[in-house]
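Structural overview
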Amino acid sequence: MTDTILNATGLGKRFGGFVALANIDLSIDRGERLGLIGPNGSGKSTLVNCLCGTLRNDSGQVEFDGHALNGLKAHQRTRLGMARSFQLPRPFHTLTLAENVLVPIMYVGRAHGVPDPRQRCHELLDMVGLADKSAKRPGDLTQIEMRKLELARAMASEPRLLIADEAMAGLSHQEVDDILALLMRLNEQGITIIMIEHIMRAVLAFSQRLVVLTAGRKIADGDPREVIRQPDVVAAYLGS
Ligand code: ADP
Ligand code: MG
């Protein structure tokens, strides 16, 4: 028996007259690693925003871990165990890295407060390799360090589902491998992960299943190696 953690049905979203998402169905099993790909502007981030409550979908339903999410705000969904990293990291620039991680540990988490927030903060910064920089501020960080901080902040809410929206953009080959290894470790700890990514090498190494969006529609959903050979998927990429 499979255990579904997230089930979205018939999701639609318009911006004015523009259809950003059309009738998207998406289901994900607990513990799964799902890749979500598609050309720029195909609706990937909009889908994430509708799942996480950053945007309100115009039609359709989302169920997460047994809860119907319609009408719930982003912070309420975070508390139920959904977390996402933003494509453009959004740290608090005036706070130290430790404070940046402590804030979500103490205020937005799934638990009402872990017993030792400072210890958990250290563990999370250590997990992403930033423990020795805990007193620095986001402005002192390199691009990969910013992305690692963004992941530590997402993990600070102790999610059951983590959505990583282009966490690897602009990184070197080695840095991509670092983030990939980090996401694999989180998945081994039982966290379900949706990876949105353009770097096909990383997507294929990571994903057990691949979903493809083009122009707000889902055109493929299945085994990654089969999906990337599908003629309409190939055409969508050649055409972009
Ligand atoms: P992706 O993440 O796949 O690159 P997005 O979901 O960011 O794509 O965007 C999908 C489409 O919706 C794009 O054409 C984008 O310009 C448009 N869009 C996204 N957010 C907004 C918004 N807040 N207002 C108007 N249009 C938007
Ligand atoms: Mg995007």
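Each value, and the rule that gives it
- Residues numbered from 1 in each chain as written.
- Chains lettered and ligands numbered in written order.
- Predicted model: local features only at pLDDT ≥ 70, side-chain atom pairs only at ≥ 80, totals over all residues.
- Heavy atoms only, no water.
- Buried < 20%, exposed > 50% of the residue type's maximum accessible area, 1.4 Å probe, protein only.
- Helix = DSSP H or I, 4+ residues; strand = E, 2+ residues; numbered from the N terminus.
- Pairing = 2+ DSSP bridges.
- Disulfide = S-S within 2.5 Å.
- Domains from an automatic or database assignment.
- Contact = heavy atoms within 4.5 Å.
- Buried area = accessible area lost by both parts, 1.4 Å probe.
- Salt bridge = Lys/Arg side-chain N within 4 Å of Asp/Glu carboxyl O.
- Axes fitted to C-alpha atoms, helices over the stretch in contact; angles between N-to-C directions.
- Parallel < 35°, antiparallel > 145°, perpendicular 65-115°, else oblique.
- Nonpolar A, V, L, I, M, F, W, Y, C, P; charged D, E, K, R; others polar.

**Topic: the pairing of strand 9 (residues 209-214)**
- Where burial is concerned, most of strand 9 is hidden: 6 out of the 6 residues are buried.
- Neither face of strand 9 is open: one carries Arg209, Val211 and Leu213, the other Leu210, Val212 and Thr214, and all of them are buried.
- Here 4 bridges tie strand 3 (residues 33-37) to strand 9, and the two strands are oriented parallel to one another. Opposite Gly35, over in strand 9, you have Leu210 as the bridge partner.
- Relative to strand 10 (residues 217-222), strand 9 is paired through 5 bridges, and the arrangement is antiparallel. Looking at strand 10, one finds that Val211 is bridged to Asp221.

**Focus: the state of the cysteines**
- Under the criterion given, the structure shown has 0 disulfides.
- With no disulfide of its own, Cys52 lies 9.7 Å from the sulfur of Cys50, the closest cysteine sulfur.
- We classify Cys52 as buried; its relative accessible area is 5%.

**Some points on the domain arrangement of the chain**
- Partitioning the chain into domains gives domain 1 (1-81 + 160-240) and domain 2 (91-158).
- Relative placement of domain 1 and domain 2: their C-alpha centres are 24 Å apart.
- Contact residues are listed per partner, giving 20 residues for domain 1 and 16 residues for domain 2.
- Roughly 1,500 Å² of surface becomes buried between domain 1 and domain 2 when both sides are summed, with 65% attributable to carbon and sulfur atoms.
- At the junction of domain 1 with domain 2, the criterion picks out 1 salt bridge.

**Considerations on the packing of helix 5 (residues 143-155) against helix 6 (residues 173-188)**
- At their nearest, the axes of helix 5 and helix 6 sit 11 Å apart, and the two run at 10° to each other. As judged from the angle between their axes, helix 5 and helix 6 are roughly parallel. From helix 5, Ile144, Lys148, Leu151 and Met155 reach across to helix 6, where they touch Glu175, Asp178, Ile179, Leu182, Leu183 and Leu186.
- For the contact of helix 5 with helix 6, the class distribution of residues is 7 nonpolar, no polar and 3 charged.

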